Amino acid sequence: MALRRIFPMSNNYFQGAEQGICTVASLQWAKKCLKLGRGLGSFNELQLSGHQMNALMAVWRRYDNSPAAQTLGMGLRIVGNDRAVNQFIDVQRFVNLSASKTCIFWTHNHTMGYRVSTRHGRECEFFDIEDGLWVADNDTEIRQVVIQNYGAAITGMRIVSL
């Protein structure tokens, strides 16, 4: 399967002076993938509208310095500790070594998601509320999309599970 975008997205939401729903959207994406045991096929499978995620972000943004509270509040557990990384290849390496094969990762001001499944062949997903959900059957094509959009701006990651 060649790299393809499953669905586009945008992040035009505000909570007062703060912009974006990326943390809530990424955690919700991870939770739904883990519950379903597969990637998402449509935006509707997130089961939250953009407006609902915006309302949740208004609450959870206050916990940006408390990642465990944010993650647990969205129904997920942190596996191990957050990791400082500066390359997407490191995100991929840690996810491939994890049991859940699912993580969120971030730059200094934006959160995204990544997962790998080997259930029916290999499937890699990159979730970015600002761009869309991307899927490929290899790590390289996904890495190229992330590098094209974010270069070396990645600063950390968190493996998550139910």
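The following paragraphs examine the structure supplied in this document. Everything quoted here is computed from the prediction, not taken from an experiment.

Remarks on the overall build of the protein chain
Then, in step 1: Within the protein chain, the secondary structure is distributed over five helices and nine strands.
Then, in step 2: Each helix and strand of the protein chain, placed in order from N terminus to C terminus, yields the pattern β-β-β-α-α-α-β-α-β-β-β-β-α-β.
Then, in step 3: Compactness check: the protein chain gives a C-alpha radius of gyration of 14 Å against a globular reference of 15 Å for 162 residues, within 12% of the reference.
Then, in step 4: Based on the C-alpha atoms only, the size of the protein chain along its principal axes is roughly 40 × 30 × 30 Å.
Then, in step 5: The buried share among the 162 residues of the protein chain stands at 49%.

Comments concerning unusual backbone geometry
Then, in step 1: Phi at Gln47 is positive, roughly 65 degrees, even though this residue is not glycine.
Then, in step 2: In this fold, Gln47 is placed in the loop between helix H1 (22–36) and helix H2 (50–60).
Then, in step 3: On the basis of relative accessible area, Gln47 is assigned to the exposed category, the value being 55%.
Then, in step 4: Even without being a glycine, Lys101 presents a positive backbone phi close to 60 degrees.

A few points about the environment of Ile154
Then, in step 1: You can see Ile154 is positioned in the loop between helix H5 (139–150) and strand S9 (156–161).
Then, in step 2: On a C-alpha basis, the gap between Ile154 and His110 in space is 9.1 Å, while along the polypeptide they are 44 residues apart.
Then, in step 3: Setting aside chain neighbours within four positions, we find Ile154 in contact with Val85, Asn86, Gln87, Phe88, Val91, Phe105, Trp106, Thr107 and Val146.

The rules we used
- Residues numbered from 1 in each chain as written.
- Predicted model: local features only at pLDDT ≥ 70, side-chain atom pairs only at ≥ 80, totals over all residues.
- Heavy atoms only, no water.
- Helix = DSSP H or I, 4+ residues; strand = E, 2+ residues; numbered from the N terminus.
- Rg over C-alpha atoms; globule rule 2.2 N^0.38 Å.
- Buried < 20%, exposed > 50% of the residue type's maximum accessible area, 1.4 Å probe, protein only.
- Contact = heavy atoms within 4.5 Å.

The quantities given are spatial measurements derived from coordinates; they are silent on function.
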